[in-house]
Amino acid sequence: MAEALSVMPAAVLRNLADKLYEKRKNAALEVEGIVKQLASAGDHDKVNAVIDLLTTEYTNSPQANHRKGGLISLAAATVGLTNEAAQHLDRIVPPVLNSFSDQDSRVRYYACEALYNIAKVVRGDFIVYFNLIFDALCKLSADSDGNVQSAAHLLDRLVKDIVTESDQFSIEEFIPLLRERMNVLNPYVRQFLVGWITVLDSVPDIDMLGFLPDFLDGLFNMLSDSSHEIRQQADSALSEFLHEIKNSPSVDYGKMAAILVQRAGSPDEFTRLTAITWINEFVKLGGDQLVRYYADILGAILPCISDKEDKIRVVARETNEELQAINADPAEAFDVGAILSIARRQLSSEWEATRIEALHWISILLNRHRVEVLTYLNDIFDTLLKALSDPSDEVVLLVLDVHACIARDPLHFRHLVVFLVHNFRLNNSLLEKRGALIIRRLCVLLNAERVYRELSTILEGESDLDFASIMVQALNLILLTSSELSEIRDLLKQSLVNPAGKDLYVSLYASWCHSPMAIISLCFLAQTYRHASAVIQSLVEEDINVKFLVQLDKLIRLLETPIFAYLRLQLLDPGRYLWLFKALYGLLMLLPQQSAAFKILKTRLKAVPSYSFNRAQLNRMPSGDYYQFVPQMPDDNHTEEDGGSSYNGLNFATRLQQFQQMQQQHRVHTKSRRASRSLSTSLPKVAGLFILHEAQKEEEPHRPQSTDLNVPPSRPRRNSGQLQL
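What counts as what
- Residues numbered from 1 in each chain as written.
- Predicted model: local features only at pLDDT ≥ 70, side-chain atom pairs only at ≥ 80, totals over all residues.
- Heavy atoms only, no water.
- Helix = DSSP H or I, 4+ residues; strand = E, 2+ residues; numbered from the N terminus.
- Buried < 20%, exposed > 50% of the residue type's maximum accessible area, 1.4 Å probe, protein only.
- Contact = heavy atoms within 4.5 Å.
- Core = buried A, V, L, I, M, F, W, Y, C linked by side-chain atoms within 4.5 Å.
- pLDDT = per-residue confidence, 0-100.
- Axes fitted to C-alpha atoms, helices over the stretch in contact; angles between N-to-C directions.
- Parallel < 35°, antiparallel > 145°, perpendicular 65-115°, else oblique.
- Left-handed = near helix turned anticlockwise from the far one by under 90°.
- Nonpolar A, V, L, I, M, F, W, Y, C, P; charged D, E, K, R; others polar.
- Patch = residues over 30% accessible without salt bridge, like charges linked within 9 Å, V, L, I, M, F, W, Y side chains within 5 Å.
- Areas by Shrake-Rupley, 256 points an atom, 1.4 Å probe, with all protein chains shown as cover.
- Salt bridge = Lys/Arg side-chain N within 4 Å of Asp/Glu carboxyl O.
- Lys, Arg positive; Asp, Glu negative; His and termini not counted.
- Charge placed at Lys NZ, Arg CZ, Asp CG, Glu CD.
- Polar contact = N/O pair within 3.5 Å; in protein donor to acceptor, adjacent residues only side chain to side chain.
- 1 Å grid on protein atoms, 1.4 Å probe; cavity = no way out; pocket = protein on both sides within 12 Å on 5 of 7 lines; lining within 4 Å.
- Points joined across faces, edges and corners; volume = space filled by probe spheres on them.
- Phe/Tyr/Trp six-rings, centres within 6.5 Å; stacked < 30°, edge-to-face > 60°.
- Lys NZ or Arg CZ within 6 Å of the ring centre and 35° of its normal.
- Expected span 1.5 Å × (residues − 1).

## Let's talk about the overall build of the protein
Part 1: A count of helices and strands for the protein gives 37 helices and two strands.
Part 2: Relative to its full complement of 725 residues, the protein shows a buried share of 51%.
Part 3: Considering only residue pairs separated by 6 or more positions, the protein has 72% of its internal contacts joining residues 24 or more positions apart.

## Some words on the nonpolar core
Part 1: Met208, Phe215, Leu219, Trp278, Tyr452, Trp512 and Phe524 are the most contacted members of the largest nonpolar core, which totals 239 residues.
Part 2: Discounting residues that sit within four places of it in the chain, phenylalanine 215 has contacts with Ile175, Leu178, Met182, Ile197, Met208 and Phe241.

## Description of the confidence of the model for the protein
Part 1: Looking at the protein, the pLDDT average stands at 85 and 87% of residues meet or exceed 70.
Part 2: Between residues 622-644, whose pLDDT stays under 50, and residues either more than four places distant or in other chains, the model counts 63 contacts.
Part 3: Note that pLDDT drops below 50 for residues 681-725; the model gives that stretch 50 contacts with residues more than four away or on any other chain.

## Remarks on the packing of helix α23 (residues 410-426) against helix α25 (residues 448-460)
Part 1: Viewed as axis vectors pointing N to C, α23 and α25 meet at an angle of 60°, and their least axial separation amounts to 10 Å. When the axes of α23 and α25 are compared, the pair comes out oblique. Seen from above, α23 lies across α25 with right-handed handedness. Contact with α23, carried on its side by Pro410, Phe413, Arg414, Val417, Val418 and Val421, involves Arg450, Val451, Glu454, Leu455, Thr457, Ile458 and Leu459 of α25 and no other residues of that element.
Part 2: In terms of residue class, the contact of α23 with α25 is made up of nine nonpolar, one polar and three charged.

## Details of a negative patch on the surface
Part 1: Judged by side-chain charge, Asp288, Asp329, Glu332 and Glu372 come together as a negatively charged surface patch.
Part 2: Relative to the assigned elements, glutamate 332 resides in the loop between α17 (310-325) and α18 (336-346).
Part 3: Look at glutamate 332 and you get partly exposed, because its relative accessible area is 49%.

## A look at the side chain of serine 511
Part 1: Checked against the element boundaries, serine 511 lands in helix α28 (residues 499-512).
Part 2: By relative accessible area, serine 511 is classed as buried at 0%.
Part 3: Separated by 2.6 Å, the side chains of serine 511 and serine 456 make a polar contact.
Part 4: For serine 511, the residues in contact, after removing those within four places along its chain, are Ser456, Leu459, Glu460 and Val472.

## Concerning the pattern of salt bridges
Part 1: Tallied over the full model, the rule gives 34 salt bridges.
Part 2: Close ionic contact of aspartate 135 with lysine 139 constitutes a salt bridge, the shortest N to O distance being 3.7 Å. In this pair, aspartate 135 and lysine 139 are both assigned in helix α8 (residues 130-140), four residues apart and thus about one turn of the helix distant.
Part 3: In this structure lysine 139 comes out as exposed when scored by relative accessible area, which is 59%.
Part 4: Lysine 308 serves as the salt-bridge partner of glutamate 269, at 3.8 Å between the closest nitrogen and oxygen. Here glutamate 269, found in helix α15 (residues 269-286), pairs with lysine 308, found in the loop between α16 (294-304) and α17; they are 39 residues apart in sequence, far enough to count as distant.
Part 5: What makes lysine 308 exposed here is its relative accessible area of 67%.
Part 6: Among the ionic contacts, a cluster of salt bridges with common partners joins Asp135, Lys139, Glu180 and Arg181.

## A short note on empty space enclosed by the protein
Part 1: This model, assessed by the stated rule, comprises four cavities of 30 Å³ or more.
Part 2: Reported here for the largest cavity is a volume of approximately 90 Å³.
Part 3: Taken together, Gln473, Asn476, Leu477, Leu480, Ser515, Met517, Ala518, Ser521, Gln551, Lys554, Leu555 and Leu558 make up the full set of residues lining the largest cavity.
Part 4: At the level of secondary structure, the elements contributing two or more residues to the lining of the largest cavity comprise α26 (465-481), α29 (516-526) and α31 (546-558).

## Here we look at the packing of helix α9 (residues 146-165) against helix α11 (residues 187-202)
The geometry of a pair of packed helices is captured by two quantities: the angle between their axes and the separation between those axes.
Part 1: At their nearest, the axes of α9 and α11 sit 11 Å apart, and the two run at 15° to each other. One element, α9, and the other, α11, form an angle in the roughly parallel class. α11 is crossed by α9, and the crossing has right-handed handedness. Contacts between α9 and α11 involve Gln149, Asp156, Val159, Lys160, Val163 and Thr164 on the former and, on the latter, Tyr188, Phe192, Gly195, Trp196, Val199 and Leu200.
Part 2: Across the contact of α9 with α11, the residue classes tally to seven nonpolar, three polar and two charged.

## Describing the packing of aromatic side chains
Part 1: Under the defined criterion, the tally for this structure stands at 22 aromatic pairs.
Part 2: Judged by centre distance (5.9 Å) and plane angle (80°), the ring pair of tyrosine 109 and tyrosine 110 falls under edge-to-face.
Part 3: By relative accessible area, which is 25% here, tyrosine 109 ends up partly exposed.
Part 4: The exposure class assigned to tyrosine 110 is buried, which follows from its relative accessible area of 5%.
Part 5: Their ring planes at 55° and their centres at 6.2 Å tell us that phenylalanine 524 and tyrosine 529 sit as a pair that is tilted.
Part 6: The class of phenylalanine 524 is buried, set by a relative accessible area of 0%.
Part 7: The buried category is assigned to tyrosine 529, whose relative accessible area is 0%.
Part 8: An aromatic cluster of three or more residues is present, and its members are Phe130, Phe134, Phe169, Phe174, Phe192 and Trp196.
Part 9: When the ring centre of tyrosine 109 is taken as reference, the NZ or CZ atom of arginine 106 above it lies at 4.9 Å.
Part 10: Here the guanidinium or amino end of arginine 450 rests over the ring plane of phenylalanine 413, the centre of that ring lying 3.8 Å away.

## Let's talk about helix α22 (residues 393-406)
Part 1: The end-to-end C-alpha distance of α22, which contains 14 residues, comes to 20 Å, matching closely the 20 Å that a straight helix rising 1.5 Å per residue would cover.
Part 2: For α22, the buried fraction is high: 10 of the 14 residues fall into the buried class.
Part 3: Looking only at α22, the buried set comprises Val395, Val396, Leu398, Val399, Leu400, Val402, His403, Ala404, Cys405 and Ile406.
Part 4: Residues of α22 that are buried make contact with α19 (352-368), α20 (370-375), α21 (377-386), α23 and α24 (428-446).
Part 5: The opening residue of α22 is serine 392, an N-cap whose side-chain oxygen sits 3.3 Å from the backbone nitrogen of glutamate 394.

## Brief notes about the environment of glutamine 551
Part 1: Take glutamine 551: it is sitting in helix α31.
Part 2: Taking the C-alpha atoms as reference points, glutamine 551 and alanine 518, 33 residues apart in sequence, are found 8.5 Å from one another.
Part 3: A distance of 3.1 Å separates polar atoms of two side chains, one belonging to glutamine 551 and the other to glutamine 473.

## Section: the environment of phenylalanine 100
Part 1: By secondary structure assignment, the location of phenylalanine 100 is in the loop between α6 (89-98) and α7 (105-122).
Part 2: What makes phenylalanine 100 buried here is its relative accessible area of 7%.
Part 3: Phenylalanine 100 sits 10 residues away from tyrosine 110 along the chain, and the two C-alpha atoms are 8.9 Å apart.
Part 4: Among all residues touching phenylalanine 100, those that are not within four sequence positions of it are Arg108, Ala111, Cys112, Leu115, Ala136, Leu140 and Leu155.

## A few points about α18
Part 1: Burial in α18 covers these residues: Val336, Gly337, Ile339, Leu340, Ile342, Ala343 and Gln346.
Part 2: On the buried face of α18, the contacting elements are α16, α19, α20 and α21.
Part 3: Sitting at the amino-terminal end of α18 is aspartate 335, which places a side-chain oxygen 3.2 Å from the backbone nitrogen of glycine 337.

Here it is as structure tokens:
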């Protein structure tokens, strides 16, 4: 201290603390001259003493004017030292940096000014303090005082110039400092950081691309800033880095993949678009490098396929296609289980497009890596079954495609059908709303006969008799109406002459016994008319309920469709198809006379021309045991059953007994169910409403009809029934 006082005039020391800027400035110029003389003389000890004096008595003083004077004098001392300033920077720079956090904004301003002048003198030697200076400038960029901000910007530009010129700058030491500040939300700090990233990236000798993963997330975070200028600067920086990535021979895509995946789910549209664009380029450029990240990338892409922003959807779909085109090998870190997990999770997405693409991925994996996928079957099977209830028909069809692909193996086929029946049992709405679609599609994909045989086998032993009856009725309706099942219908029509048809008939018969109307329909389809008549005659009073009448109504209307055209034409040859007449008249007798179905069937039977009847043939119609009557054998062009109890290996007496036993089980079940709860009158009321519905209309006058079938009715009445399936 004494050495410093010996060379520093008292007037200079006094003026350094003056409240007037001009006096402080002039005193600083005096200090510059004194230090310059000491440096020229090589008396660096006194130079250090002067700097210590200025630091202790002025920059660290509690008086603001003292601190201002101290900062100006330290800068002046540096100017006085010129080329020898570097060896004294460890005493000069720290007190200036400390002043950046001074409570007085003017002191902070002078600190910026002082450091600016110091940096101009020392230039490259200044780099050793870069991290400390960067930290100070980062804080000052958000200073509350506009003048301080302006001074900091000037200093910042100078420091950037120095760094770009220096070969001593250490990017490795700087990156942790940058990474630490990248998530700051202050807009001024963000501008400051983006500015430095851009500047450093422009320096050829600095490899910012290699450190991109360290600050990439921060740049993406800035894309959603409320300031348009910051968003633009961040986007510009990211675009430049993406350009460099495209032209770089070696890029570590993996480190950045997790960041992009996270940002692809950002609530900000611009951020999502930028992230999905980067992912798109990474998939194109990275290829095999990204194999281990495919699941994460897929998890980001699938939701974006349904994005509300059109640009994002387009890029996401393109990326998805690129990813699907890469045929990766599980032996090369391709995680089939992870991909399946992502696809399974996205099947619960609220967006149809995403669910569809998730199913496409499962199909692709099944085709390429079937063995691996089947090992994860337990993880995805329940989800795939639930997807059958999806509100989108397209999704349901794709789910069925996946199920069909899985079910190519007999074991998995059985597994699928069992689970499908189980879900139909638990979810009645699934059977009601999607049952036909599901069954028809599976018949196309897995062979209709195979599907129906398996369903019949399962339903034959179904313990829930109510469900079994409903399920069989649904299957029967699909069988009779769906174009996809035309081959099965053709095969069943040959049941009496074709062993394959007979085998299918027997296979379906066992489960079709759950529903009287299904059995009758099956007999009509297989042209086992005599057995149909026997089934009708075996029905008892308890079988004729509302459900039965509803099903009968549907059957009568189905008889008027093109599928049963052959049956209607057979009415023209009663000599060969006497039992068909018997069966149809049996159904007619079961219908309420005023119902629409009764009128439809009666009109059809009356439409048969009288010339087709032969009294001698009609007289052969028995009234006793139907299995004792042997009508004329059909020729080679017909398939009507033999009158005996067995034909082509079909034991109809056994079949009838099988039907009766099953129906008895249903009757016992119904009685037991009624006994378990209080007696309800709802069923008789419903039945009464059904039967009396037509009776409430004005009754048409009836004309007596001749009992001789050779005599045509006096005038046929117009059928008013409409075809409603």
